[in-house]
Amino acid sequence: MVDQMQELQDQITKLLESALNQIQAAESTQILQQIRVDYTGKKGQLTQVSKAMKNLSNEEKPQLGQMINYFHREFNQVMASKEEALKAKELQAQLASERIDITLPGRRNFQGSRHIITQTREELENLFLGMGYQIVEGPEVELDSYNFEKMNLPKNHPARDMQDTFYISSEVLMRTHTSPVQARTMEKHDFEKDGPLKMVSPGKVFRRDNDDATHSHQFHQMEGLVVAEKITLADLKGTLTQFAKAFFGQEREIRLRPSFFSFTEPSVEVDVSCFKCGGKGCNICKDTGWIEVLGAGMVHPNVLAMSGIDPEKYSGFAFGVGIDRVAMLKYSIDDIRHFYQNDLRFLSQFKGGQNRC
Ligand code: FA5
C-alpha cells in the first residue's frame, strides 16, 4: 500500500512537471485549452490517476487528495498567467492584422443621373399633370391603322411620305409619331363616366429620316389631346401659352402659324418667342425672334368619328411636341446625336438642379 501511494505521488509529480513544461511552451490560448483537457478533463491524465483513490486506505486518501489539490493549484496558477500573456499577444496580432488606415482617401462611387431626355420628359409630364392631364402610354410597334388610317391618312395618301418608317409587316410598323395614342385613348373614353378627356402621351417614335444635327431616325415626342364639348382654338392657344411660359420662362409669348396635318383642321405650327434674345433676333432664332417648337390643331372631325366620338357634339385640340427638340432649345444643345451616343462627358453636364436623382 505504501508503495502504491508513493507511486501515485511520483506519477502526480511527473504529471505536474510535464504539464507545466507544456504550458510554458504553448504558443496559443487554443493549445492551452487542449493542455487543460489533456490533464484535467474527464479523460485527462490527472483524472485517470485520481481514480486510484478508491483503492487506498482511509488514512491515505487525504494524502492523495492533498497531492491532487496541489497539482490543481500549481497547474491553474501557471495556466492563468500564461493565458493572460498569450491573450495579450493574440490581441496585439489581431489589432495589427485588422488595422485600417483612416488617412487613405476613400473610393469615390460614380454617381449617375437621369438622361437629359428623361429629365425633360418628366418636366413636361409634371407640367401637364399640374394642369389636370392624365399620362397615357402607347405601343412603339404600332398598327398601320392607328398610326395612319385613324389619323385621317388612308393608304396611298401623299402626306404619308413625310413620315416614312420601318415596317415589321405591311400592317405593322414602328410608330412615326405619338398621335396614334389619340385614337387608342378616344376609343376607350366614356364621356358620361370619365368626363372631359385630357391626356398627354410621351414616348419614342421612329422615322426613316437621315440623321443630322436636328434629325434622328429615333426621337421622342409628347402628344397632347383635349376633347370635350365646346373646345376651341382659344383653349389650345391658352394651354400652349401656359406651357411655353412654364417651360421656357414667364416672359415667353407664342404665335400660331397656319400649317397642315391630316388629323387636325385647322392645323398650326407653334412658335415661342426666342428665349435668348427675347424676340430681337439672334443666331438661335435665325434673326426671326421666334423658334418653332411644335405642331398642333383642332382634332379633325373624321378623326373623332373614326374613334367613335360624335363630332357634332364634341370638339378637341391636339398637339405634338418634339421632346428632343425642346430639350435642345432649353439647354442649348447643338446636335441631337449627342443624346444617343452615351458620351459621359455630355451626359454628366445635366446632373445638377431640381432633376438630379
Ligand atoms: C407630328 O409628328 C404630328 N404628329 C404632331 C401633331 C400632333 C400635330 C397633334 C398636330 C396635332 P411633325 O412631323 O411636325 O408632327 O413632328 C413633330 C415634332 O417632332 C417636330 O416639331 C420636331 O420637333 C420633331 N421631329 C420630327 N422629326 C424629327 C426627327 N427626325 N428627329 C427629331 N425630331 C423630329
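Fair warning: this is a prediction, and the values are worked out from it, not measured in the lab.

Participant: Could you clarify how one ought to interpret the layout of surface pockets in this entry?
Facilitator: Where empty space is left in the structure can be found by rolling a water-sized probe over the atoms. Space inside the second largest pocket adds up to approximately 240 Å³. What lines the second largest pocket is a set of 14 residues, and nearest its centre among them are R121, E140, P202, G203 and K204. Counting residues per element, the ones that place at least two in the lining of the second largest pocket are α5 (116-129) and β4 (197-206). Among the elements that line the lining of the second largest pocket, the one with the most residues is α5, at four residues. Residues of the lining of the second largest pocket, tallied by class, amount to four nonpolar, four polar and six charged.

Participant: I keep staring at the pattern of salt bridges and nothing clicks. Help me out?
Facilitator: Oppositely charged side chains are able to pair whenever their charged atoms sit close together. This structure, assessed with the given rule, holds 16 salt bridges. R160 is the partner of D144 in a salt bridge, and the nearest nitrogen-oxygen pair spans 2.9 Å. Highlighted residues: D144 in helix α6 (residues 144-147) and R160 in the loop between α6 and β3 (172-174), separated in sequence by 16 residues. Among the residues examined, D144 registers a relative accessible area of 1% and is labelled buried.

Participant: Where do I start with the pairing of strand β6 (residues 254-261) in this structure?
Facilitator: Consecutive residues of a regular strand have side chains that alternate between opposite faces of the sheet. In this sheet, strand β7 (residues 264-273) lies alongside β6 in antiparallel orientation, the contact comprising seven bridges. For I254, the partnering residue across the bridge sits in β7 and is V272. With antiparallel pairing between neighbouring strands as the criterion, β6 and β7 make up a hairpin whose turn holds two residues.

Participant: Could you clarify how one ought to interpret the side chain of K150 in this entry?
Facilitator: Secondary-structure assignment places K150 in the loop between α6 and β3. In contact with K150, not counting residues within four places along its chain, are S145, A183, E187, V303 and M306.

Participant: Would you take a moment to explain the sheet that holds strand β9 (residues 315-322) for this structure?
Facilitator: Strands belonging to one sheet form pairs held by backbone hydrogen bonds; the direction of such a pair is parallel or antiparallel. Judged by pairing direction, the sheet is mixed, and its seven strands sit side by side in the order β1-β4-β5-β9-β8-β7-β6 without closing on themselves. In this open sheet, the two strands that pair with only one neighbour each are β1 (134-135) and β6. Across ten bridges, the pairing between β4 and strand β5 (residues 218-228) is antiparallel. Bridging across to β5, L197 finds its partner in V227.

Participant: So what exactly am I meant to see when it comes to the packing of helix α2 (residues 29-40) against helix α4 (residues 60-97) here?
Facilitator: Relative orientation and spacing of two packed helices are given, respectively, by the angle between their axes and the distance between those axes. Orientation of α2 relative to α4, taken along the N-to-C sense of each, is 165°, at an axis distance of 9 Å. What the angle tells us is that α2 and α4 run roughly antiparallel. The crossing of α2 and α4 is left-handed. From α2, T29, L32, I35, R36, Y39 and T40 reach across to α4, where they touch F71, H72, F75, N76, M79, K82, E83, L86, K87 and E90. In the contact of α2 with α4, the residues fall into seven nonpolar, four polar and five charged.

Participant: Hey, could you run me through the domain arrangement of the chain in this one?
Facilitator: What the domain assignment lists for the chain is domain 1 (1-96) and domain 2 (116-341). Averaged C-alpha coordinates put domain 1 and domain 2 at centres separated by 93 Å.

Participant: Quick question: what am I supposed to make of the UniProt feature "domain: Aminoacyl-transfer RNA synthetases class-II family profile" (unreviewed entry) in the chain here?
Facilitator: Cross-referencing UniProt, the feature "domain: Aminoacyl-transfer RNA synthetases class-II family profile" (unreviewed entry) maps to residues 121-329 in the present numbering. Note that residues 121-329 is 26% helix and 31% strand, and that its end C-alpha atoms are spaced 14 Å apart.

Participant: Please explain the site of the ligand as it appears in this structure.
Facilitator: With respect to spatial proximity, 23 residues lie near the ligand, and among them H177, S179, R207, D209 and Q221 are the closest. H177 places a polar side-chain atom, nitrogen or oxygen, 2.9 Å from a nitrogen atom of the ligand. Between the ligand and R207 there is a distance of 2.8 Å, counted from an oxygen atom to a side-chain nitrogen or oxygen. Across the complex, the protein chains shield 93% of the 680 Å² of accessible surface that the ligand would expose by itself. At the level of secondary structure, the elements contributing two or more residues to the shell around the ligand comprise β5, β8 (290-299) and β9. Per element, the largest residue contribution to the shell around the ligand is four residues, and it comes from β9. Partitioned by chemical class, the residues of the shell around the ligand number seven nonpolar, twelve polar and four charged.

Participant: It is not clear to me how α2 should be interpreted in this structure. Could you clarify?
Facilitator: Note on helix geometry: an α-helix contains 3.6 residues per turn, so any two residues three or four positions apart are oriented the same way. For α2, with twelve residues, the first-to-last C-alpha span of 16 Å sits near the 16 Å given by 1.5 Å per residue. For α2, the set of buried residues is T29, L32, I35 and Y39. One side of α2 carries all its buried residues, which in axial view fall inside an arc of 105°.

About the criteria used
- Residues numbered from 1 in each chain as written.
- Predicted model: local features only at pLDDT ≥ 70, side-chain atom pairs only at ≥ 80, totals over all residues.
- Heavy atoms only, no water.
- 1 Å grid on protein atoms, 1.4 Å probe; cavity = no way out; pocket = protein on both sides within 12 Å on 5 of 7 lines; lining within 4 Å.
- Points joined across faces, edges and corners; volume = space filled by probe spheres on them.
- Helix = DSSP H or I, 4+ residues; strand = E, 2+ residues; numbered from the N terminus.
- Nonpolar A, V, L, I, M, F, W, Y, C, P; charged D, E, K, R; others polar.
- Salt bridge = Lys/Arg side-chain N within 4 Å of Asp/Glu carboxyl O.
- Buried < 20%, exposed > 50% of the residue type's maximum accessible area, 1.4 Å probe, protein only.
- Pairing = 2+ DSSP bridges.
- Contact = heavy atoms within 4.5 Å.
- Axes fitted to C-alpha atoms, helices over the stretch in contact; angles between N-to-C directions.
- Parallel < 35°, antiparallel > 145°, perpendicular 65-115°, else oblique.
- Left-handed = near helix turned anticlockwise from the far one by under 90°.
- Domains from an automatic or database assignment.
- UniProt positions renumbered as here; feature names shortened; annotations may be inferred.
- Near = heavy atom within 4 Å.
- Polar contact = N/O pair within 3.5 Å; in protein donor to acceptor, adjacent residues only side chain to side chain.
- Areas by Shrake-Rupley, 256 points an atom, 1.4 Å probe, with all protein chains shown as cover.
- Expected span 1.5 Å × (residues − 1).
- Arc of directions from axis to C-beta.

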